[in-house]
Amino acid sequence: MIDPLLIKRTQDFLFASEEEMLSAGLTEPQRKRIVRLREMYLFWLEHPTHPDRAIVGVLRERHKLSTTQAYDDVRLVKLCIGNVNQVTKDYLRWKFIACCDEAIEMARAKEDASAYAKVLSAMVKGLGLDKEEMHRADYSQIVPQTFEITDNPEVIGMKRIPNLDTKIATMLKKYAVEVQPIEDEQ
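Conventions adopted
Residues numbered from 1 in each chain as written. Predicted model: local features only at pLDDT ≥ 70, side-chain atom pairs only at ≥ 80, totals over all residues. Heavy atoms only, no water. Helix = DSSP H or I, 4+ residues; strand = E, 2+ residues; numbered from the N terminus. Rg over C-alpha atoms; globule rule 2.2 N^0.38 Å. Contact = heavy atoms within 4.5 Å. Lys, Arg positive; Asp, Glu negative; His and termini not counted. Charge placed at Lys NZ, Arg CZ, Asp CG, Glu CD. Core = buried A, V, L, I, M, F, W, Y, C linked by side-chain atoms within 4.5 Å. Buried < 20%, exposed > 50% of the residue type's maximum accessible area, 1.4 Å probe, protein only. Patch = residues over 30% accessible without salt bridge, like charges linked within 9 Å, V, L, I, M, F, W, Y side chains within 5 Å. Areas by Shrake-Rupley, 256 points an atom, 1.4 Å probe, with all protein chains shown as cover. Salt bridge = Lys/Arg side-chain N within 4 Å of Asp/Glu carboxyl O. Axes fitted to C-alpha atoms, helices over the stretch in contact; angles between N-to-C directions. Parallel < 35°, antiparallel > 145°, perpendicular 65-115°, else oblique. Left-handed = near helix turned anticlockwise from the far one by under 90°. Nonpolar A, V, L, I, M, F, W, Y, C, P; charged D, E, K, R; others polar.

(A) The overall build of the protein chain, seen in detail. From N to C terminus, the protein chain includes eight helices and zero strands. Taken from the N to the C terminus, the helices and strands of the protein chain come in the order α-α-α-α-α-α-α-α. For 186 residues, the compact-globule estimate of 2.2 N^0.38 gives 16 Å, and the C-alpha radius of gyration of the protein chain, at 33 Å, exceeds that figure by more than 25%. Overall size of the protein chain, expressed as C-alpha extent along the three principal axes, is 95 × 60 × 30 Å. Taking all contacts inside the protein chain whose residues are at least 6 apart in sequence as the whole, residues at least 24 apart take part in 48%. Computed over 27 positive and 30 negative side-chain charges, the inter-centroid distance for the protein chain is 7 Å.

(B) Molecular detail of the nonpolar core. Counting 18 residues, the largest nonpolar core has M40, W44, I55, L59, V74 and V77 as its most contacted members. By size, the runner-up hydrophobic cluster in this structure holds five residues, among which are F13, A16, L26 and I34.

(C) Spatial organisation of a nonpolar patch on the surface. Taken together, the side chains of I161, L164, I168 and L172 define a hydrophobic patch exposed on the protein surface, amounting to about 370 Å² of accessible area. Mapped onto the elements of the fold, I161 is located in the loop between α7 (113-126) and α8 (164-176).

(D) Main features of the packing of helix α1 (residues 4-13) against helix α3 (residues 28-46). Running from N to C, α1 and α3 cross one another at 65°; their axes reach a closest spacing of 10 Å. When the axis of α1 is compared with that of α3, the two are roughly perpendicular. Considering only the axes of α1 and α3, their crossing is right-handed. Where α1 approaches α3, its residues L6, R9, T10 and F13 are matched on the opposing element by Q30, R33, I34, L37 and R38. Grouping the constituent residues of the contact of α1 with α3 by class yields four nonpolar, two polar and three charged.

(E) Quick peek at the packing of α1 against helix α5 (residues 67-81). Packing of α1 against α5 brings their axes to within 10 Å, and their N-to-C directions diverge by 60°. Relative to α5, α1 is oriented oblique. Considering only the axes of α1 and α5, their crossing is right-handed. Counted together, L6, I7, T10 and Q11 of α1 and L76, L79 and C80 of α5 form the full contact between these two elements.

Following this line, the structure appears as structure tokens:
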């Protein structure tokens, strides 16, 4: 279980400058750890498909940490970044476009028109530019259901109670004697 104070401090100072951390009174080990966590945060953003153990390996190699300390750091980074194992479609699209741009530059450098055309073809298919755009449903055609407020219990399948008002008055009179009013207390 990670200390909530440590989580808050990490989230508050993850991108703070050295001066901000000094003015907040963070000790040297705390500042070093936050800088290390910032480094892993940015590393994981660049490599979102890396499993936890790969990040632990990087931490152990670069910072000479124990396995336990490295896993604690991974937990803290995960709390700051969210679930990095869930790669979003937006990220994958960005990565796909970046790779295609790199392939286009390589095709230009080699002056290979065939490779250039293949990359463009892959981009068209990969980004779905060859398909017609889906049109949204026309929500203006949806008619909301109307409700009528009623005090009739027969609507939900229950029988009416005859002389309900008199029964309520009788019960109130009967049980009001047993109940003593209580003064409000602080």
